[in-house]
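Understanding the architecture of this molecule
Spelled out, the chains give:
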Amino acid sequence: MTQAPVLDVKELKTSFFSSDGEVPAVDNISFSVNKGEILGIVGESGCGKSVTSLSIMKLIPQPPGKIVGGEILLNGEDIVPASEKRMREIRGNDIAMIFQEPMTSLNPLFTIGNQLVEGIILHKKVNKKEAFKIGVEMLKLVGLPRAEQIMKEYPHQLSGGMRQRVMIAMALSCDPKLLIADEPTTALDVTIQAQILSLMKNLNKKLDTAIIMITHDLGVVAEVCQRVIVMYAGKVVEEASVRDIFKNPKHPYTVGLLESIPDVREKKERLYSIPGNVPKPGAIKQGCRFAARCANVHDRCFVEDPPLYKAADGHHVRCFLHAAGGEN
Amino acid sequence: MELSTNKEMQVPIEPAEEKAVSPWLEAWRSFRKNKLAVIGTFIVLFFVLLAIFAPYIAPEGINEQKLTTSDRLQAPSSEYWFGTDDFGRDVFSRVVYGSRISLWVGFLAVIGSIVIGCLLGIVAGYYGKWVDSVISRFFDILLAFPSILLAIAIVAVLGPSLRNALIAIAIINIPNFGRLIRSRVLSVKQEEFIMAAKAVGMKNSRILFHHVMPNSIAPIIVQGTLAIATAIIEAAALGFLGLGAEAPNPEWGKMLSDARAFLTQAPWTLFFPGLAIVLTVLGFNLMGDGLRDALDPRMKN
Amino acid sequence: MLSYTVKRLLSLIPVLLGLTLIVFFMIRAIPGNPAQTILGQLATDEAVAALTKQLGLDQPWYTQFFHYLGGLFTGDLGESLRTKSPINEEIWPFLAATAELAFCAMIIAIVIGVNAGIISAWFQNSWFDYVAMILALIGVSMPIFWLGLMEQWVFAINLEWLPTSGRENVRAPIETITNFYILDTLIQGRMDQFWVVVKHLVMPSFALATIPMAIIARITRSTMLEVMKSDFIRTARAKGLRMFWVVYKHSLKNAIIPVLTIIGLQTGLLLGGAILTETIFSWPGIGRYIYDAINYRDYPVIQSGILIIAVIFVTINLIVDLLYAAIDPRIKYN
Amino acid sequence: GCNKSAGTDEKPADEGDTAGETSGGQLVFGRGGDSTSLDPAVTTEGEAFKVTKNIYETLIEFGDQDTEIHPGLATEWDTSEDGLTHTLKLREGVKFHDGTDFNAEAVVFNFERWKAGNAEQFYYYNSQFGDKIDSVTAVDEYTVEFKLNTPIAPFYKNLAMSPFGIASPAAIEEFGEDFFKNPVGTGPFKFKEWKENDYITIVKNEEYWQEGLPKLDEVIFRVIPENSTRLNELATGAVDLIDGVNFSDKATIDANPDLQIFERPSLNIGYLGLTSTRGPLKEKLVRQALNHAVNKQEIIDAFYAGAAEPAINPMPPVVAGYNPDVADYEYDPEKAKELLAEAGYPDGFEMELWAMPVPRPYMPEGQKVAEALQKMFEEVGVKAKIVTYEWATYLEKANAGEADTFLLGWTGDNGDADNFLYVLLDQDSIGSNNYSQYQNAEVHELLLKAQASSDQAEREELYKQAQVIIKDDAPWIPLVHSTPLLAGSAKISNFLAHPTGSDFLANVEIQQ
Amino acid sequence: MSEVLLKVDKLKKYFPITGGVLGRKVGEVKAVDDVSFFVNKGETLGLVGESGCGKSTTGRVLMRLLEPTEGTVEFEGQDLTKLKAEDMRRMRKEIQMVFQDPFASLNPRHTVEKILEEPLIVHGVKDKEERKRRVREMLEVVGLNSYHAKRYPHQFSGGQRQRIGIARALMTKPKLIIADEPVSALDVSIQSQVLNLLEDLQKEFQLTYIFIAHDLGVVKHISDRVGVMYLGRLVEITEADKLYEKPLHPYTKALLASIPIPDPDVQQEKELLKGDLPSPANPPLGCAFHTRCSACMEVCKTTRPELVEIEPSHFAACHLYNK
Ligand SMILES: Nc1ncnc2c1ncn2[C@@H]1O[C@H](COP(=O)(O)OP(=O)(O)OP(=O)(O)O)[C@@H](O)[C@H]1O
Ligand SMILES: Nc1ncnc2c1ncn2[C@@H]1O[C@H](COP(=O)(O)OP(=O)(O)OP(=O)(O)O)[C@@H](O)[C@H]1O
Ligand SMILES: [Mg+2]
Ligand SMILES: [Mg+2]
């Protein structure tokens, strides 16, 4: 990996401010995405996956949210201090994003064409006609039949899978360097999910677009990602290649997570379950955030926040059990 | 790594001292944080207290005429805080007592329309079918009426008086509440917890009173608060047309209307009752808005 | 769409019929006899009885009602008991006067209300938001007659910017064609008179616009806030669109439906509810026409007047419903 | 600084309208309500007469500011000994606005029209003349003869009333039902336009028989329902003359050099009727007691800005036959209480006090007067509950005797005592204008006698007697004779307000 | 273990599509179309299928929360569809339901205690103390604390709420529980807690489950037998192991192939289904699946295949096996 990463997030911290004070939804996370790579981010609901992605787009609702620290280097440029004007140039052009809900992510009152074209006109500086042509091309690229016709249709006339394809076409229409997909298939049925995932993988190969794939489904991660970050309560707890995560998980949380999924291939007598609940962000002020649910907990875990240790090359774990590898 | 699956471990880990927080308490907490709403509530409370303690606050009664003396149309002074009207009556005292009337009209009219509107709305929403059609058409009819004209006609039928103005206002507000509650009932009926209640084997009446109703109350409270505001204005408008409160009742709208000839000579006779209306109505509106934010289920979760 | 419209129109029939019936009974419940009122208190009983007979008021109620209904079906609104003119003709100038006023008021209310609502939502919790919303609240809290008098006091008497009341300068009256004076002056190419008409419209329109303006501003704001939280707005922003574009294209169109509903309801209210404004501003409108008719017990006028307002009201709301379909492709009426 | 007209930027009246004449200008008259008809014969409404007064003329005219009789369309008249035949000589060379001639035939046509019509159509004809006129005949082109069945004492005064304006027979035939919208008379102004509830325009009659009149080119009667607005319009110069001025505004107008006040000589009575068929009010003593309880001057000072005089009798002093010797019940709450005690109500009683919902010249603020009265009654222990109804209902219910006490009033039509005493208090008038259901055989006899007599002195004596009895019976509390106020721009001259409320505008000039 | 508790025969539920002002019926959604199956006492029958295929509707019709259009539901030999409303209401004591959405299925204005107590009240437990005791017991059973009784649903996390939902279903000691996607709204780590709980309870109270889900892994884990639904029809039903090892119906095969396997080494080449689920308002003629089937034959387009026993206790509705 000699190439400079497309995106390099360093110690990003995003907090929400309410009357109860500051709640750090994302707490000092660092990761990078290389060109053409698919990076997976997994974690339970509320652990800060979406906030991370919105922070990168600088679309955190403000107030109450705010990026309070860190850097987000996009091709070496720190976009945390960038102006809204600059961000508009970046959004949709350098970084594109698709969201979980294909049903609500398209404006129901405008045609697909209209919504697809507006981004193209904006970023590619082409006229309407050309933009329309590009739009049609994109729809074909994502495997939608009757592309011309669909351009004239409204979102409600399409099925969920088709809408998600439209979203992908829209996101990819300006050849972004990075595509952030925030749980793009969660709302879809398995058979449709499989279609979309294979589409994304193909596009990744074809266009060499780096993708951040956010999901809570470990199966999806295994299927499409090359590298994985596991998040827990606003922190990265483990980072490794997809093989290492599944074959050699280090963090007790990752281990527990993998154990607790029922598998179609074999029937486990009884599922493992991590006791307790995901803590609310900001609820745990001290120590390891997983300590209360951890099977291997030590006294130290309750007082000290473990740093990210290096377990192996390209494999980092936030757990004292792996302190041997040294701090990252 | 040992996998533990004992029951002990399944007990969620969380602080045990967390108290039961009812949705109402929750709403109250968020309401309390809304500055404008609190201001509104204070305004309303202020006028409510004014109404309750009017005899102790007002230096005079409502009808202490001093026609012969030089007390007519006096500007505000230390003796007459809000000046005097053309009868030489203390405007301050009248405004204070007026709060009784305006609040009374507001509350009663709204309660009247809530009771009737809710009854009709619940019946329509719950039984559906032709009952719903008939009641809904009835609401449509009432709604299609130009409301002021309807009120005027009602007052014309019953004779102008505060009570009849109140009835008229209540009637014109019926469809608003009726439709609101009907749509609430319809939407609550779709909620999964109603399905759950049915699944448990509850009777319809129990579902209606224990599940549908409590979940429909919040929007009614909100709408009710806002409707009190409009009712006060409507009463004032009827008062202005001479169809409201009987003399010498110091209804604010009537005071305004009585004093409108003195706009240039004695502006205080208009200013203070006008201010009282605006403030009260504003208070209810602010409070209603706050309640909406606090009680609206859409804001939850 | 067409069949939907037709069906909707058909479904209005029971509503309007019910309304007619209610009005019919209600006005007859008002104490006082039209014959007596027309003749004045000086009239003898025989005279009253004779006129009652002449007016057909001695007939049983159903005869009267069906007679009236029969007239309605042939497009005949009946005759005013007082002026004996056909209401069809007589009502038009009043209706036009109020319609013109209500229309201007609504334009003002919409333009200002919607924009204030948008800006408030856009800059939520900014000083503009606070000021606009407080003003809106005060707007709905203001008795309209009081506001009207204040306007006159400030703009006509002290500042002398605008005429106090009326529709036109009666010293140089307008030749009426449609009774919409704005149109009439334009048709005749009388720009001088056009401006006079506009000036006369300003104050009453604003007085009438206050409440709907405030309501529209508040509704716009809250729906905009809701819409702006939605996923597709996030999508639009993720495309790098300008905020202005996002707000006015993507959010507004979505927020407009509840606003339209309110606009529909309010326009109806304005038509019938303009009595106070019409009185304060000497506006020869339909509200006062009906109000006078109530005082004269002019049954056909009350009946037909209220019916016409109701018809306009339901028509506007029907149009609003149809507009939904034009705005929202998901709504299909068939 | 209200001298600048808000209409300064508006185009002045189209000169073309007056076809090269020297311009006499326009007068905009602001008033509270619209005319109901422009045919004076079919209406009873004062607002209607304000306009028709200037379109039509009557055979006899009232004086400028009184109800003395003067020549109008008739130049001379003569009454037979028995008072049953009246012969009127008509003015020659007068033309209706439609160009047809005014002559005896026209007069006969009008009277026959009224006579033929039924009571519900021509109310005034029926009440003032009715069956008492046997025939009206044209003796020659310019002489008409009236034959009566019984003498009508105020015959000429009646003829001077606005409802008896002579209309063009040709126009009546031409317009038929619609005549009320297309008036044609002989008056100084011709009808031009009527926008209902907005304004009525009448323009100069170039052919008017009186040389040099009218002075104005055009008069526009504009409807401005709200009193405050009307005054505002005057202040901004949008209208030149307004009636229905709030008494409370008098001082403001006086203080404004650009405005002037006109007083309408009083020909009215505002009173509180005491329905003598109801509860305690059946007792004369009670009615007298209530009379003692009222401080009229206080009411006048407070609500009439002093522009009224306390009423003692049921008619104003200008009316011939007024009895100046009748003494009023002086304001004396103690006395009132004594009388109440004597009548068996030492602790007072409860009653309703009806307040007029609409302003009238004699009672501009019925609600407030009611409030003041309520207070005064309270002083003597009588609890009055103020009640009001919408106007038509009010009259109807009061007429039916449903009110205990009610505010009401009357403006004279012709300045004759009959028009007050008989109309308001005779037992024949119960069910029409005798709202207090007052009945006294003696009074009835006196009034009938006066009605039939043609000897003015005798009539006056009869009326004086009647007033004494009425005073003692106290069917009313006569409150005020008000002087209604009008206000106009300082540019107006020669405007004289007429006591009947219908003003003749031909002499009015306006400075350009 | 083969006593039949519930037997569903030719069950249909059509929702009318109404249109126009008069609310005339202009069409119908065949949400459940001719479904037959049985459930043995003590077993768990899983129902899977894509969204909108009629799983929830089936569950609701079983309990007559929705009135079936046609067909019979025999519970312990008694036909539920013929019961009078009041009898059915009582019968609900025996059949309970757990809902998908732990947020929407609990009345936000009631305390947990009230929520759990209500089934007892409506089924005639008069003694207040008794009710309170049983509520507390049940809370412990589902892994909550008795001090939770006074709280309101919004104070709980999703997993805890689902426990409350389960507790409510258990209050009347039912024989059959219909669980409508009870875990699909939950996070992975919480999901396994709830699944374990359900299994424990089944053992403890000898419950029978109809377990509706769209996650094939979950269904496999918890079910003894599994039915696969497609567009309102049951296309295949058999023992869980059989189904996963040797699916017969092409749809089942495609479904199984589509599941992402949480193992990066298993990168099987998938045979993806084409196209989308057709609308149940306008289902294709013949076999509902033929539009997406890779093995579609002519007969599939015209004739609807019946659900037949192709191998012992393995039923499928597919022409491929109709020799
Ligand atoms: N607008 C906001 N205001 C306050 N807190 C917020 C807001 N948005 C997110 N949060 C908080 O930030 C935390 C992280 O949320 P985030 O949406 O990133 O979770 P997630 O990992 O994407 O979860 P999910 O899988 O449910 O999408 C959550 O606990 C949430 O409460
Ligand atoms: N009340 C109803 N009225 C009309 N159609 C309905 C109704 N309820 C369900 N449907 C339709 O019936 C079909 C089956 O719905 P059902 O809820 O049973 O599906 P499901 O398999 O449970 O889906 P999901 O996995 O999304 O819960 C759907 O097409 C749905 O639109
Ligand atoms: Mg998320
Ligand atoms: Mg479902």
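All values derive from a computational prediction rather than experimental measurement.

What about the overall build of chain C?
If you tally the helices and strands in chain C, you get 14 helices and zero strands. Its helices and strands taken in sequence order, chain C reads α-α-α-α-α-α-α-α-α-α-α-α-α-α from the N to the C terminus. Put simply, chain C has 334 residues, and 62% of those count as buried. Of all intrachain contacts in chain C linking residues separated by at least 6 positions in sequence, the fraction that spans at least 24 positions is 72%. When the accessible surface of chain C is totalled, it reaches about 12,600 Å², and 70% of it is carbon and sulfur. Taking the average location of the 23 positive side-chain charges in chain C and that of its 22 negative ones, the two points are 15 Å from each other.

Comments concerning the nonpolar core
Of all hydrophobic cores here, the largest spans 180 residues; its most connected members are Phe145(B), Ile152(B), Leu19(C), Phe145(C) and Ile290(C). Of the residues forming this core, the biggest block, 15 residues, is contributed by helix α5 (residues 87–122) of chain C. Among residues more than four places away in sequence, those in contact with Ile152(B) are Leu238(B), Leu241(B), Leu243(B), Ile275(C), Tyr291(C) and Ile294(C). In terms of nonpolar packing, the next biggest core, distinct from the first, is built from 106 residues, Ala25(A), Ile196(A), Ala233(A) and Ile245(A) among them.

Regarding the site of ligand 1
Residues and elements named next belong to chain A. Taken together, the neighbourhood of ligand 1 is formed by 14 residues, with Ser 45, Gly 46, Ser 50, Val 51 and Glu 183 sitting nearest. Contact distances for ligand 1 include 2.8 Å between an oxygen atom and a backbone N or O atom of Gly 46. Between ligand 1 and Lys 49 there is a distance of 2.9 Å, counted from an oxygen atom to a side-chain nitrogen or oxygen. At three residues, helix α1 (residues 49–57) tops the list of elements feeding residues into the shell around ligand 1. Looking at the shell around ligand 1 residue by residue, the class counts come to seven nonpolar, four polar and three charged.

Here's the deal with the sheet that holds strand β19 (residues 485–489) of chain D
Residue and element names in this part refer to chain D. Pairing in this open sheet of seven strands is mixed, and the strands run β8-β9-β10-β1-β11-β19-β12 from one edge to the other. At either end of the open sheet lies a strand with only one pairing partner, and these are β8 (189–195) and β12 (259–263). In the sheet, β8 pairs with strand β9 (residues 199–204) via six bridges, with the strands oriented antiparallel. Looking at β9, one finds that Glu 193 is bridged to Thr 201. Packing of helix α1 (residues 46–55) onto the sheet brings it into contact with β1 (26–31), β8, β9 and β10 (218–223), and relative to β9 it is tilted by some 15°.

Remarks on the interface of chain A and chain E
Each partner contributes to the interface: chain A provides 44 residues, whereas chain E provides 41 residues. Taken together, both faces of the contact between chain A and chain E bury some 3,700 Å²; the carbon and sulfur share is 52%. Looking at the side of chain A facing chain E, the largest losses of area belong to Thr191(A), Val264(A) and Lys267(A), adding up to 17% of the total buried there. Run the count over chain A and chain E and you get two salt bridges. Lys247(A) is paired through a salt bridge with Asp263(E); the nearest N and O atoms lie 2.9 Å apart. There are eleven residue pairs in polar contact (both at pLDDT 80 or more) connecting chain A and chain E.

As for the interface of chain D and chain C
Contacts between the two partners involve 54 residues from chain D, matched on the other side by 55 residues from chain C. Applying the counting criterion to the chain D and chain C interface returns two salt bridges. Between Glu168(C) and Lys195(D) there is a salt bridge, with its nearest N and O atoms 3.0 Å apart. Linking chain D with chain C are 17 residue pairs in polar contact (both at pLDDT 80 or more). Those elements giving two or more residues to the side of chain D that touches chain C turn out to be β1, β8, β10, α6 (227–236) and α12 (391–399) of chain D. The biggest single contributor to the side of chain D that touches chain C is α12(D), with six residues. Counted by class, the side of chain D that touches chain C contains 19 nonpolar, 15 polar and 20 charged residues.

Overview of helix α14 (residues 441–452) of chain D
Residues and elements named next belong to chain D. Taking 1.5 Å of rise per residue, the twelve residues of α14 would be expected to cover 16 Å, and the 17 Å separating its terminal C-alpha atoms lies within 8% of that figure. Listed in full, the buried residues belonging to α14 are Val 443, His 444, Leu 446, Leu 447, Ala 450 and Gln 451. Burial along α14 is one-sided: seen end-on, the buried residues are contained in an arc of 165°. Seen from the buried face of α14, the exposed residues on the opposite side, beyond 90 degrees, are Ala 441 and Glu 445. Its buried side turned inward, α14 meets α13 (418–425) and α15 (456–473). The distance from a side-chain oxygen at the start of α14 to the backbone nitrogen of Glu 442 is 2.8 Å, and the residue carrying that oxygen is Asn 440.

Let's talk about the site of ligand 2
Residue and element names in this part refer to chain E. Residues in contact with ligand 2 amount to 13 residues; listed here are only the nearest, Ser 51, Gly 52, Lys 55, Ser 56 and Thr 57. At a separation of 3.2 Å, an oxygen atom of ligand 2 approaches a polar backbone atom of Cys 53. Contributing elements (two or more residues each) for the shell around ligand 2: β2 (24–40) and α1 (55–62). No other element matches α1, which puts three residues into the shell around ligand 2. Taken together, the residues of the shell around ligand 2 break down into five nonpolar, five polar and three charged.

Digging into the pattern of salt bridges
Opposite charge on two side chains permits pairing when their charged atoms draw close. All names here are of chain E. Evaluated as defined, the whole model comprises 85 salt bridges over all chains. Between Glu 43 and Arg 225 there is a salt bridge, and its shortest N-O distance comes to 2.9 Å. Placement of the pair is Glu 43 in the loop between β2 and β3 (44–49) and Arg 225 in strand β9 (residues 225–230), with a sequence separation of 182 residues. The class for Glu 43 is buried, based on a relative accessible area of 2%. Through salt bridges with shared partners, one network takes in Glu 113, Glu 117, Arg 131, Lys 132, Arg 136 and Lys 150.

Considering the sheet that holds strand β8 (residues 210–215) of chain A
Residues and elements named next belong to chain A. Strand order across the open sheet formed by eight strands is β6-β7-β8-β3-β9-β10-β12-β11, with mixed pairing between neighbours. Both outer strands of the open sheet, β6 (95–98) and β11 (309–312), are each paired with one neighbouring strand and no more. The average angle at which neighbouring strand axes cross in this sheet is 20°, direction not considered. Where strand β10 (residues 235–241) lies against strand β12 (residues 315–317), two bridges are found, and the strand directions are antiparallel. Looking across to β12, one finds that Glu 239 is bridged to His 316.

Quick notes on the packing of helix α10 (residues 231–238) of chain C against helix α11 (residues 243–273) of chain C
Residue and element names in this part refer to chain C. Look at α10 against α11: their axes get within 10 Å of each other, and the N-to-C directions meet at 155°. Judged on the interaxial angle alone, α11 and α10 are roughly antiparallel. Crossing of α10 over α11 shows right-handed handedness. Here Phe 232, Ile 233, Ala 236 and Arg 237 of α10 come into contact with α11, specifically with Met 243, Val 246, His 250, Ser 251 and Asn 254. When the residues that make up the contact of α10 with α11 are grouped by side-chain class, the tally is five nonpolar, three polar and one charged.

Brief notes about the pairing of β11(A)
For a regular strand, side-chain orientation follows a simple rule: the groups alternate between the two sheet faces. All names here are of chain A. In this sheet, β12 lies alongside β11 in antiparallel orientation, the contact comprising three bridges. For Lys 310, the partnering residue across the bridge sits in β12 and is His 316. Hairpin connection from β11 to β12: two residues lie between these consecutive antiparallel strands, with Gly 314 at a positive phi of about 70°.

Notes on the arrangement of the chains
The top pair by number of contacts, from a total of eight pairs of chains in contact, is chains C and D. Across all C-alpha pairs, the smallest distance from chain D to chain E is 42 Å, and the two are not in contact.

Quick word on the UniProt feature "domain: ABC transmembrane type-1" (unreviewed entry) in chain C
Under the present numbering, the feature "domain: ABC transmembrane type-1" (unreviewed entry) in UniProt falls on residues 95–324 of chain C. Structurally, residues 95–324 of chain C comprises 80% helix and 0% strand, and the distance from its first C-alpha atom to its last is 27 Å.

A closer look at the UniProt feature "transmembrane region" (unreviewed entry) in chain C
Per the UniProt annotation, the sites labelled "transmembrane region" (unreviewed entry) are residues 12–30, 91–118, 130–149, 201–220, 255–281 and 301–327 of chain C. The span residues 301–327 of chain C is 100% helical and 0% strand by assignment, and the distance between its end C-alpha atoms comes to 38 Å.

Looking at a negative patch on the surface
A cluster of acidic residues, Asp76(C), Glu79(C), Glu89(C), Glu177(D) and Asp178(D), forms a negative patch on the protein surface. Inspection of the secondary structure puts Glu89(C) in helix α5. Classification of Glu89(C) by relative accessible area gives exposed; the value is 58%.

Conventions we followed
- Residues numbered from 1 in each chain as written.
- Chains lettered and ligands numbered in written order.
- Predicted model: local features only at pLDDT ≥ 70, side-chain atom pairs only at ≥ 80, totals over all residues.
- Heavy atoms only, no water.
- Helix = DSSP H or I, 4+ residues; strand = E, 2+ residues; numbered from the N terminus.
- Buried < 20%, exposed > 50% of the residue type's maximum accessible area, 1.4 Å probe, protein only.
- Contact = heavy atoms within 4.5 Å.
- Areas by Shrake-Rupley, 256 points an atom, 1.4 Å probe, with all protein chains shown as cover.
- Lys, Arg positive; Asp, Glu negative; His and termini not counted.
- Charge placed at Lys NZ, Arg CZ, Asp CG, Glu CD.
- Core = buried A, V, L, I, M, F, W, Y, C linked by side-chain atoms within 4.5 Å.
- Near = heavy atom within 4 Å.
- Polar contact = N/O pair within 3.5 Å; in protein donor to acceptor, adjacent residues only side chain to side chain.
- Nonpolar A, V, L, I, M, F, W, Y, C, P; charged D, E, K, R; others polar.
- Pairing = 2+ DSSP bridges.
- Axes fitted to C-alpha atoms, helices over the stretch in contact; angles between N-to-C directions.
- Buried area = accessible area lost by both parts, 1.4 Å probe.
- Salt bridge = Lys/Arg side-chain N within 4 Å of Asp/Glu carboxyl O.
- Expected span 1.5 Å × (residues − 1).
- Arc of directions from axis to C-beta.
- Parallel < 35°, antiparallel > 145°, perpendicular 65-115°, else oblique.
- Left-handed = near helix turned anticlockwise from the far one by under 90°.
- UniProt positions renumbered as here; feature names shortened; annotations may be inferred.
- Patch = residues over 30% accessible without salt bridge, like charges linked within 9 Å, V, L, I, M, F, W, Y side chains within 5 Å.

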